[in-house]
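Chain by chain, the residues:
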Amino acid sequence: MTTSFGAAINIAAVDDPNPKLQIQRFNGLKSTSNSILLSRRIHRSFSHSNSTSIVRAVSTPVKPAAVEPKRSKVEIFKEQSNFIRYPLNEEILNDAPNINEAATQLIKFHGSYMQYNRDERGTRSYSFMLRTKNPGGEVPNKLYLVMDDLADQFGIGTLRLTTRQTFQLHGVLKKDLKTVMSTIIHNMGSTLGACGDLNRNVLAPAAPFAKKDYVFAKQTADNIAALLTPQSGFYYDVWVDGEKFMTVEPPEVVKARNDNSHGTNFPDSPEPIYGTQFLPRKFKIAVTVPSDNSVDIFTNDIGVVVVSDEDGEPQGFNIYVGGGMGRTHRMETTFPRLAEPLGYVPKADILYAVKAIVVTQRENGRRDDRRYSRLKYLLSSWGIEKFRSVTEQYYGKKFEPCRELPQWKFKSYLGWHEQGDGSLFCGLHVDNGRVKGEMKKALREVIEKYNLNVRLTPNQNIILSNIRQSWKRSITTVLAQGGLLQPRFVDPLNLTAMACPAFPLCPLAITEAERGIPDILKRVRAMFDKVGLRFYESVVIRVTGCPNGCARPYMAELGLVGDGPNSYQIWLGGTPNQTVLARTFKDKVKVQDLEKVLEPLFFYWKRKRHSKESFGEFSNRLGFEKLGDLVEKWDGIPESSSRYNLKLFADKETYQAMDALARIQNKNAHQLAIDVIRNYVASQQNGKSMD
């Protein structure tokens, strides 16, 4: 037997009737000596004689120097970081108010971003934003009180509730970072993996129902979060000097993480799933139950849905893959995308299936250009069939077909609800998720006095849980005094609206979002009044300061995406249950010109919509070309709308009866009466007159 090959190989015995060349398998990045190894293309030729089997393994032609594939700068920072430690561990100790470029990228894995005040001119006042990790939005009482204190002592006096069920603490100075981080860690909290190229916070319905499927969804979110938590200890080394924190993980999590039956792990690595390079980009996962789309399930890299039997006993999961919101203006090769069905797995297999999907992305996601590094681009390139086939190799099984599910609904869980265990929970609307001022004081008072636990929602709201019936009245009073009103007293437009922080701290912001949306919503309400839409009517509005889409504007009925100073790209066509992707309607609309675009759209929605047709559904039915014509030709509300607004009702009883019927169709009495008259006149003109 002769062999020609420049790497370690194992060759089957010569007298084996089926000789095999066994070469160390490698599809992607390996964590060996903190370097990236390149797989090699091998040509094999087999020659057989009567006495021997000759195997020749010949490498590709020798080149002057090995050509390493192009990698982004962040990949090099990760490789040289000693598992996300260096140079961050040195940078946080010097006296400068900021940290260098490599540390700026690495601190994201620790749950922080460096920012500066963009309202200032001629100087840069650096600070850090910290983001917590709270699977399912769960916040223990002790942690909430600590975060409330830290906001006042080291932040800007506010807490921000995010669209991924976490806190953001803004304005922390570098000299205070270690104090703040260690305080969070010592009080049942963590920021590990809240940012960076790894699994982010795992979403689950925030409602603390005692129902089997909701409890199981939350448990699954916790287990997935634990499975994909970094293991190398870099976080604790940097912030608490290597102090060990004992956490009891379910045995099924430990078993799934350590299992390497199908080549998913890096053997003997401090990071068995992530290796030295972690993932190509951030990775988002959500878990929910059928019909509950409070988590925007299709915007995630992985969406997991509990499937139960007729008795309500969880049996397994539908899995969806490839969702994501981020994009870049004027680059059509970047786009938002909805997740699509991958398959169904039994409940005992969910951790192995999730791990297989993560590894498929780890091995095959792009690492040369971060704009294309999300899982959605791998799905778009490969197609679902190839992706499923590759993932099944790491999973070790075939995915079953997804089970049929009922229609999705958006559920906010605002107001008072029964938990199902004798206690109540109360969902509170927080404009843009910004807890501040009297609201912050009222929440602190109630949470501290009644020792309440908290859950944060994916719509930037907050839920107080485990409330006794006897506490309801006094809690309601204190909250109302702090401006936390019951949902019936809040404008419906505000209840579903979201905005990202944008200016002044986000370095990516192009225009306003959080600071601009209050005025935008007031103007939309004024347009509603002007065209005759009722107070209880609403559209889902989301505003972001840049195209990264942190507030998920591409799922909104009306999405405003910053595309220049005081300018927005307008997206239309999302639906209230967040199952349809919006599309670009207009570019470069100045904020002062929003009425020119939106007023005609709202006017024709009121007059041309079908029964119970949402604004997003109406936009898709009419089509963007038609809507564009209506906007282009708009010259204000037609005079005929008021000139011929004749009195239709001679008595109160008839009006009230008509109004009751109209409400069923989301109309008012006058509108329904006009529709009836129009239909009657049309029937006469069509030769269907009644003799």
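- Looking at an unreviewed UniProt entry, the protein chain carries the name assimilatory sulfite reductase (ferredoxin), with the source organism given as Solanum tuberosum.
- In the Catalytic activity (unreviewed entry) part of its UniProt record, the protein chain is described as follows: "hydrogen sulfide + 6 oxidized [2Fe-2S]-[ferredoxin] + 3 H2O = sulfite + 6 reduced [2Fe-2S]-[ferredoxin] + 7 H(+)".

### A look at the sheet that holds strand 8 (residues 159-161)
Inference 1: With antiparallel pairing, the five strands of this open sheet are ordered in space as 5-6-9-8-16. Only two strands of the sheet have a single neighbouring strand rather than two, namely strand 5 (112-116) and strand 16 (434-435).
Inference 2: Relative to strand 16, strand 8 runs antiparallel, the two being bridged by two bridges. By the bridge assignment, Leu159 is partnered in strand 16 with Val435.
Inference 3: Strand contacts of helix 5 (residues 177-185): strand 5, strand 6 (126-131) and strand 9 (167-172), with the helix running at about 10° to strand 6, the strand carrying the most contacts.

### Some words on unusual backbone geometry
Inference 1: Tyr86 connects to Pro87 through a cis peptide bond whose omega is 5°.
Inference 2: Looking at where Pro87 falls in the secondary structure, it is placed in the loop between helix 1 (73-79) and helix 2 (88-91).
Inference 3: Notably, Asp296 is not glycine yet its phi reads approximately 50°, a positive angle.
Inference 4: Along the chain, the position of Asp296 falls in the loop between strand 10 (285-288) and strand 11 (302-308).

### A few points about the packing of aromatic side chains
The description of an aromatic ring pair rests on the distance of the ring centres and on the angle between the ring planes.
Inference 1: Across all of its chains, the model carries 28 aromatic pairs by this definition.
Inference 2: Ring geometry for Phe528 and Phe602: centres 5.0 Å apart, planes at 80°, overall edge-to-face. Taken together, the positions of Phe528 in helix 15 (residues 517-531) and Phe602 in helix 16 (residues 594-608) put the pair 74 residues apart, joining distant regions of the chain. Accessibility classification places Phe528 together with Phe602 in one group, the buried group.
Inference 3: By way of ring pairs, the aromatic residues Phe109, Phe234, Tyr274 and Phe278 are connected into one cluster.
Inference 4: Here Lys211 stacks its cationic end above the ring of Phe209, 4.4 Å away from the centre of that ring.
Inference 5: For Arg403, the ring lying beneath its charged end belongs to Tyr344, and the centroid distance is 3.7 Å.

### A few points about empty space enclosed by the protein
Inference 1: The full count for this structure, using the stated rule, is two cavities of 30 Å³ or more.
Inference 2: Taken as a whole, the largest cavity encloses approximately 60 Å³ of empty space.
Inference 3: Class assignment of the residues belonging to the lining of the largest cavity gives a composition of five nonpolar, four polar and one charged.
Inference 4: By volume, the second largest cavity is sized at about 30 Å³.

So, how was this worked out
Residues numbered from 1 in each chain as written. Predicted model: local features only at pLDDT ≥ 70, side-chain atom pairs only at ≥ 80, totals over all residues. Heavy atoms only, no water. UniProt positions renumbered as here; feature names shortened; annotations may be inferred. Pairing = 2+ DSSP bridges. Helix = DSSP H or I, 4+ residues; strand = E, 2+ residues; numbered from the N terminus. Contact = heavy atoms within 4.5 Å. Axes fitted to C-alpha atoms, helices over the stretch in contact; angles between N-to-C directions. Phe/Tyr/Trp six-rings, centres within 6.5 Å; stacked < 30°, edge-to-face > 60°. Buried < 20%, exposed > 50% of the residue type's maximum accessible area, 1.4 Å probe, protein only. Lys NZ or Arg CZ within 6 Å of the ring centre and 35° of its normal. 1 Å grid on protein atoms, 1.4 Å probe; cavity = no way out; pocket = protein on both sides within 12 Å on 5 of 7 lines; lining within 4 Å. Points joined across faces, edges and corners; volume = space filled by probe spheres on them. Nonpolar A, V, L, I, M, F, W, Y, C, P; charged D, E, K, R; others polar.

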